[in-house]
Every structure is written in structure tokens, then in C-alpha cells.
Amino acid sequence: MANRGEIAVRVIRACREMGIGTVAVYSDADHGALHVRMADEAFPVGPAPSRESYLVIDRIIDVARKAKAEAVHPGYGFLAENAAFAEACRNAGITFIGPSAESIALMGSKVEARRAASKYEVPMVPGTLDPVESEDEARRIAKSIGFPIMLKASGGGGGKGLRLVRSDEEMESALRNTRSEALAAFGDSAVYIEKFVEQPRHVEIQILADQHGNAIHLGERECTIQRRHQKVIEECPSPVVTADLRRRMGEAALKVVRAANYYNAGTVEFLVDKNLQFFFLEMNTRLQVEHPVTEMVTGIDIVKQQIRVAHGEKLSLKQDDVVMRGSAIECRIYAEDPENNFFPSPGKISLLRTPSGPGIRDDGGVYEGWTVPIDYDPLISKLVAWGSTRDEALRRMQRALREYHVGGIKTNIPFFMEILEQPDFQKGSFDTGFIDRWLQNRTGAHPISDSERDLALLAAVLHHTSRSAESSESPAPLAASPWKNAARTGGLRR
Amino acid sequence: MTKNTAIIGDERIEIVHDRNESNSVHARIGDRTYDVRTLSVEPGVFWFNLDGRSVEVVVTVFGDRYLVSVGGQQLPVEILDARTALKKATQHGHDGLIEVRAPMPGKVVKILLTEGAEVNANQGILVVEAMKMQNEIKSPKKGVIRRLGVTEGVAVNLGDLLASVE
């Protein structure tokens, strides 16, 4: 398991159900992490910074060899979409649980991906297939497809290296800035142009393909609810996708699969405009964070399918076997502070109460007493609710969020409580700018009743009083002594 | 009878409470009074029965404050008793000195001002990084940097002293 956190735990669970032994890798910061505790074997791979541990291909391969692992699951992030890693696994005789290195490389370049998909007549946002060479060329193309346009880094992803250009005058600085950002972030200054789709929704199709030419899709996920281009809530099915649209988008996604000569699980992302026209955006050649909503609605365990396909088995499912039942929603629970510009809030989890009951799934990667390291993504858990209808799923999610208590660090749970109460969200009426617009107009935290606030203060006083009583009975001081603090900071200043 | 002050946001609220019997508390919180039945279900988890209404509150330590969750919201609350109020007063020295403490654990990646430098309210003093995000720590008021508690490259914990501004 060449990953950490909740996704490593998710994959270990699938392996255990299949009777497959698991090997975890961990950095110094993850000594004692949940995935390490749960795996059958665990090996250190280096210091806390991921470029010295989880991203070092040779170290991961060494562990795989030492443990005699037959296969490697890359999870998402880290080395999951790194063609060189897939290649290194192949050269070491270890099965990479994912597509071929060639498919990863092809879909990893947005320009190459568009070119490949265009040969199969997959609908695409009007724009260029080649990186733009000059400012003049950029202006000419923008004029022919019409402003507003988006400048996009060819090697980009994760919301970086994107710029909206509304007019000819903005082109020069936008092109310069996008290029330098792209060079800094991805080591490649190539930039291409796409027409900007107004009020877009982000809808993606989950696909499964084997190494024998069989491929199916598992319907769509609605991923429009994003903050600064990062998904925060996902749903299956989308509130706007009809059976007919699903079939057409599914067929388009399977064309991309053929264009990329793709096998294993993957996700084809589309933009959907307000008239329900859809356009190919990119393909993610890995397991998605949000895969559980599809699993809840289709009943198909995507991780197990990945392992079977990687093992060379034929898909046991046909397209007609995929039946969507009910509705699921996922909230990404992050260690971050919604009242402080969503800044990460790592630290020790001093209390953890996770929700349960009908229709609830909590894919966590932490435990009470664990210190969320400062070095990695602040995702601590994915909370998923299933209901027979979208309305039931939303209400279950609200109920589960109220049952969820994380102490010692801040989380975005209160933020989700607020979003789920927004009438436009409840109606399913939103586009990718929904959260950022809403946050701009938000005046402050959600108000609670006077009596709730007063009881909160009273509880804090009662807790404080009992802690003070304990500390006056024991010789240990309540907090670090000011003398020690002075000595410590004095030492640092020298 | 126990007296405390709760600081929540910019508000200071006086709280006086008294345990009538083991399971019951009489409290005056600001200008409202309550008689509630309560039970400490487990450390930090309090259940209240307020006129038949059942409310559960979770309290954990958060730096030098408490993080209180109720109804799906999280409130950072500072509680002062006679002892902590005194300690705070000694630490602060006098009213004009404000301590800037780390709002989250992380690493100090850049120090923008030196000791003795003049600083405006909301001007950045230093930058703390966690999970690849950088957060500029700003001065709470106009004044002079009296002391820097950290150097570039050091790791800080929640609540560590970063600087004091006078």
C-alpha cells in the first residue's frame, strides 16, 4: 500500500475481506498511524516530508521487494498518477494496481488527452489541442472561440495553473502569469486555451475496464460543490442527470477509455453547462477520493474490482448489471478551521466520536489520541450517507454530522452543517462557483441559540473546574510552566 | 459558588455556578439564570437537561483555550478563574503588551519583522506553514515588536508564543 491515511485504510479493508495480506509503508511522521496499525506488515520509508518518503519510488519498490509483495496499490495523490512509478513496478515484476504507465502518461498531459479523445469524437469544450506558442496566437484563438476563455497549464491539476481571461486586454499578463505558475508548479510552462463554460457543473463518470477489452461505467458523481477548485461534497447520482444523459455521458466516457487503451478503475471528468450539454475535461487514472458514493449506490466495491482487474481477471459485471439504487452524499472531513480561512488545523485528536446508524459510512484514517501531522493533506475522514432518495441521504448526512465529534483540533464539520441547510443546495441548484460566492456573502459562523451557547460555556467552566481540581491534587502543573517557557524560548533565541 | 469569566470572540461573560446536588447545577451566565440537571458522561462530554430539553456538549483542550462543540458548531472558549486570571496578568506584564500565539501547529517559514520594529495593526509579523499552506500571522494592534519568541525554521505548537507587541 504505497499511500497513507484514510485511503490506505480503505484499501487494507478491501484486501482483508479478500484474504489478501497487506504491507504498509510509513514516514517518520506516521509512526503509529492507523494504516500502519491495521496492516499485516509495515516498513518505514523515510522522514516526514513526502518528497523524502512517500514520493521516493526506489524506497517504495525496495519495501515491496523486501516484503515479497505481489502488487502495489497507489491510492490517490503521491505516486498514483506517476507513470514512472507504474513503470518501475512493472520492471520490478510487481503488479501495479492501476492502468498501464502509457495510459497514465497519455492522460496526464491534458493536451495529449484532448487530442486522443478528439479522435473518438468525445464532446469537448472548444479550444486548442496544442499548447499556444505566442501571445498573438493566443489572441487569435480567443477571438475565434469568443471570450471569456480559460488558460490552462498542460501539466496542471488540482485547481492550479488556471486563469480566466475575460477580454483581449487581460491576455498578456494572464498568459505570462499562467506560464510562470505552470513552470513553478509542474516544471512545464506549456499552456492551452479553452472556452470558459459559464455556470458549469462538474460531473464525472466512474469506469471499470479489464485487460481483455471489456469496459463498463458505474454512472456519474456530482462534484460541483468545490472550494477554490477543490471538491468538498460529492453525490451519486447527480440531481440534474437524467437516465438518457447518463447513458450518453457513459458512452462518451467509454470512448475515452478506448482512446487511452485504458484498464483498471478510472474517472472521466466532464463539465456540464446550464443546458445539460457536456464536455470532456480530463481523465483521472486512479481511484478517486469520492469513490464511496458510487459504491453505496451501485453496491459495487471498486477497490476489489481494481485488484481483480490488476490480477488479470475479466470483469464479472456487464453494463446491464449496474443498477443504481437510492442516493449517496459524501462530505470530506478536513482538519481545518472554517473560521480562519480554512487554514489547516493539525494536532492531537483528544476526542473522537464517529457517527453510525442506518445508511452511514465513515472512511476514516485517524483515531482518538492520534496527532494529525503537519506534513500532509488535512483529510481525516470521508463521511458518506446513503438514503432511498436524495432528500433522505441529505437528512441522514445532517443527522450524522451532529453525531460527529472531533476534539482537540478544528474541523470543517460546522461548514458542512451550514451548506446542507442552504435552500439552493437542497434543491440541487448550483454551479462550481456556489461555495466561493456563498463564502463571500457569509457574515460569520452559523448562529446557535442563546441557551445552547450558555450551556456550551457552562460545560467549558465545569470541565475547567474539574481539570483544575485534578491538577491541584497532583504535582503536575496545569499548563507548561512559564519558567520553562521562558527558558525554552530563551534557548531558541540564542 | 464558583466564579469564572468566559472569553468567546470579543465577548467576556461572567459565569457563576453552584452545584446543588451532585447532578444539578444552578448557574448565572451573563444576565440569564439556569437550573439544569447535568452529568459528565465521560471526560469532556457533558449532558444537560434544561427544562426537559436534552443537550450534549463536548469540551476538549485547544491550546490555552477550550474547543466546545454543541449542535454541530465548534466554539473556542477561554475560561479564566482567579488563578488563571492572575497567571495571565503576570505573563502579560501590563495592559499595553499583547502576546501573539500560534493559532495552529506548524513551522515558522519566514519572519517578516525584527525585534524593535514598528508594526501596524493587521500587518504580518511572520509566516507559519502547515500542510503546505502558508498563514501570515498578523499583529493585533499598532505598536512595536517587543519580542520574537521564535526563529525561522522552528516548529511551533498551538498556543506557543510567537511575538509580543506593545
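Residues numbered from 1 in each chain as written. Chains lettered and ligands numbered in written order. Predicted model: local features only at pLDDT ≥ 70, side-chain atom pairs only at ≥ 80, totals over all residues.

Participant: Explain the overall build of chain A to me, please; I cannot follow it from the model alone.
Facilitator: Assigned secondary structure in chain A consists of 17 helices and 21 strands. Compactness check: chain A gives a C-alpha radius of gyration of 24 Å against a globular reference of 23 Å for 494 residues, within 12% of the reference. Referenced to the eigenvectors of the C-alpha coordinate spread, the extents of chain A come out at roughly 75 × 55 × 55 Å. When burial is assessed residue by residue, chain A has 49% of its 494 residues classed as buried. Sequence-distant contacts in chain A: of pairs separated by 6 or more residues, those separated by 24 or more amount to 64%. (Helix = DSSP H or I, 4+ residues; strand = E, 2+ residues; numbered from the N terminus. Rg over C-alpha atoms; globule rule 2.2 N^0.38 Å. Buried ≥ 20, exposed ≤ 12 C-beta atoms within 10 Å, placed from the backbone. Contact = placed C-beta atoms within 7 Å.)

Participant: What am I meant to see in the overall build of chain B here?
Facilitator: Tallying secondary structure elements over chain B gives one helix and 16 strands in all. Compactness check: chain B gives a C-alpha radius of gyration of 19 Å against a globular reference of 15 Å for 166 residues, more than 25% above the reference. Structurally, chain B occupies a C-alpha span of about 55 × 35 × 20 Å along its principal axes. Here chain B holds 166 residues, and 34% of them are scored as buried. Taking all contacts inside chain B whose residues are at least 6 apart in sequence as the whole, residues at least 24 apart take part in 37%.

Participant: Explain the interface of chain B and chain A to me, please; I cannot follow it from the model alone.
Facilitator: Reports often express the size of an interface as the amount of accessible area lost when the parts come together. Facing 52 residues of chain B, the contacting portion of chain A comprises 44 residues. When residues in the side of chain B that touches chain A are grouped by element, the largest group, seven residues, is from strand β6 (residues 53-62) of chain B. Class assignment of the residues belonging to the side of chain B that touches chain A gives a composition of 33 nonpolar, 15 polar and four charged. (Nonpolar A, V, L, I, M, F, W, Y, C, P; charged D, E, K, R; others polar.)

Participant: Which parts of the structure should I look at to understand the sheet that holds strand β18 (residues 360-364) of chain A?
Facilitator: Strand pairing in a sheet takes place through backbone hydrogen bonds and is either antiparallel or parallel in direction. Residues and elements named next belong to chain A. Read from one edge of the open sheet, eight strands run β12-β11-β8-β9-β10-β13-β20-β18, paired in antiparallel fashion. Across the chains shown, the open sheet's two edge strands, defined by having one partner strand only, are β12 (278-284) and β18. Within the sheet, the average angular offset between the axes of one strand and its neighbour, ignoring direction, is 25°. The sheet contact formed by strand β13 (residues 327-334) and strand β20 (residues 379-387) spans eight bridges and is antiparallel. Each residue of the ladder has a partner; that of Ile329, found in β20, is Ala385. Each of β8 (201-209) and β11 (264-272) is contacted by helix α11 (residues 302-310), which is oriented at about 125° to β11, the strand it contacts most. (Pairing = 2+ DSSP bridges. Axes fitted to C-alpha atoms, helices over the stretch in contact; angles between N-to-C directions.)

Participant: Please clarify how the nonpolar core should be interpreted in this entry.
Facilitator: A general feature of soluble globular proteins is that nonpolar side chains tend to end up buried together. Residues and elements named next belong to chain A. Within the largest apolar cluster, 115 residues are counted, with the highest numbers of intra-cluster contacts made by Val256, Phe270 and Ala328. Broken down by element, the residue count for this core peaks at seven residues, all from helix α9 (residues 243-259). Mapped onto the domain boundaries, this core takes at least three residues apiece from domain 1 (5-97) and domain 3 (201-441). Those residues within four positions of Val256 in sequence are excluded, and the remaining contacts are Ala117, Val122, Val268, Phe280 and Met283. (Core = buried A, V, L, I, M, F, W, Y, C linked by C-beta atoms within 7 Å. Domains from an automatic or database assignment.)

Participant: In this structure, what is going on with the packing of helix α4 (residues 83-91) of chain A against helix α5 (residues 101-108) of chain A? I would like to understand it.
Facilitator: The axes of two packed helices give the description: the angle between them and the distance between them. All names here are of chain A. Packing of α4 against α5 leaves a shortest axis separation of 8 Å and a crossing angle of 175°. Between α4 and α5, the angle falls in the class roughly antiparallel. Two secondary-structure elements touch here, α4 through Ala83, Ala86, Glu87 and Arg90 and α5 through Ala101, Ile104, Ala105 and Gly108. Grouping the constituent residues of the contact of α4 with α5 by class yields five nonpolar, one polar and two charged. (Parallel < 35°, antiparallel > 145°, perpendicular 65-115°, else oblique.)

Participant: How do you make sense of the confidence of the model for chain A when you look at a structure like this?
Facilitator: Keep in mind that low pLDDT regions are not for reading the predicted coordinates in detail. Mean pLDDT for chain A: 92, with 95% of residues reaching 70 or above. Across residues 476-494 of chain A, confidence stays below pLDDT 50; counting only partners more than four residues off in sequence or on other chains, it has 14 contacts. (pLDDT = per-residue confidence, 0-100.)

Participant: How should I be thinking about the domain arrangement of chain B in this particular structure?
Facilitator: Here chain B is partitioned into domain 1 (2-83) and domain 2 (93-165). Here the C-alpha centroids of domain 1 of chain B and domain 2 of chain B sit 31 Å apart.

Participant: Please explain the sheet that holds strand β14 (residues 143-148) of chain B as it appears in this structure.
Facilitator: Residue and element names in this part refer to chain B. Spatially, the four strands line up as an open sheet ordered β9-β16-β14-β11, and their pairing is antiparallel. Strand pairing shows two members of the sheet lacking a second neighbour, β9 (98-101) and β11 (118-119), which therefore form its edges. With four bridges joining them, β9 and strand β16 (residues 161-165) adopt antiparallel strand pairing. Its bridge partner lying in β16, Glu99 is registered against Ser164.

Participant: Where do I start with the domain arrangement of chain A in this structure?
Facilitator: The domain architecture assigned to chain A consists of domain 1 (5-97), domain 2 (127-195) and domain 3 (201-441). Here domain 1 of chain A and domain 2 of chain A have C-alpha centroids that lie 36 Å from each other.

Participant: Explain the pairing of strand β9 (residues 215-227) of chain A here, please?
Facilitator: All names here are of chain A. When you tally the buried positions in β9, you get ten out of 13 residues, the bulk of the element. Alignment of β8 against β9, held across six bridges, turns out to be antiparallel. From the neighbouring strand, Glu204 faces β9, where its bridge partner is Arg221. Count of turn residues in the β8/β9 antiparallel hairpin: five residues, of which Gly213 carries a positive phi of about 90°. As defined by bridge partners, β9 adjoins strand β10 (residues 230-236) across four bridges and the pair is classed as antiparallel. Following the sheet pairing, Arg227 is matched in β10 by Gln230. Count of turn residues in the β9/β10 antiparallel hairpin: two residues, of which Arg228 carries a positive phi of about 50°.

Participant: Is there a simple way to explain the confidence of the model for chain B in this structure?
Facilitator: With 95% of its residues at a pLDDT of 70 or more, chain B shows a mean pLDDT of 89. Per the prediction output, this complex has pTM 0.87; the corresponding ipTM is 0.82.

Participant: Help me out: how do you make sense of the pairing of β13 of chain A in this one?
Facilitator: Strand residues, when the strand is regular, have side chains that alternate between the two faces of the sheet. Residue and element names in this part refer to chain A. Most of β13 is tucked away: eight of the eight residues are buried. Of the two faces of β13, the one lined by Ser327, Ile329, Cys331 and Ile333 and the one lined by Ala328, Glu330, Arg332 and Tyr334 are each fully buried. Bridging between β10 and β13 involves four bridges; their strand directions are antiparallel. Looking across to β13, one finds that Cys236 is bridged to Ala328.

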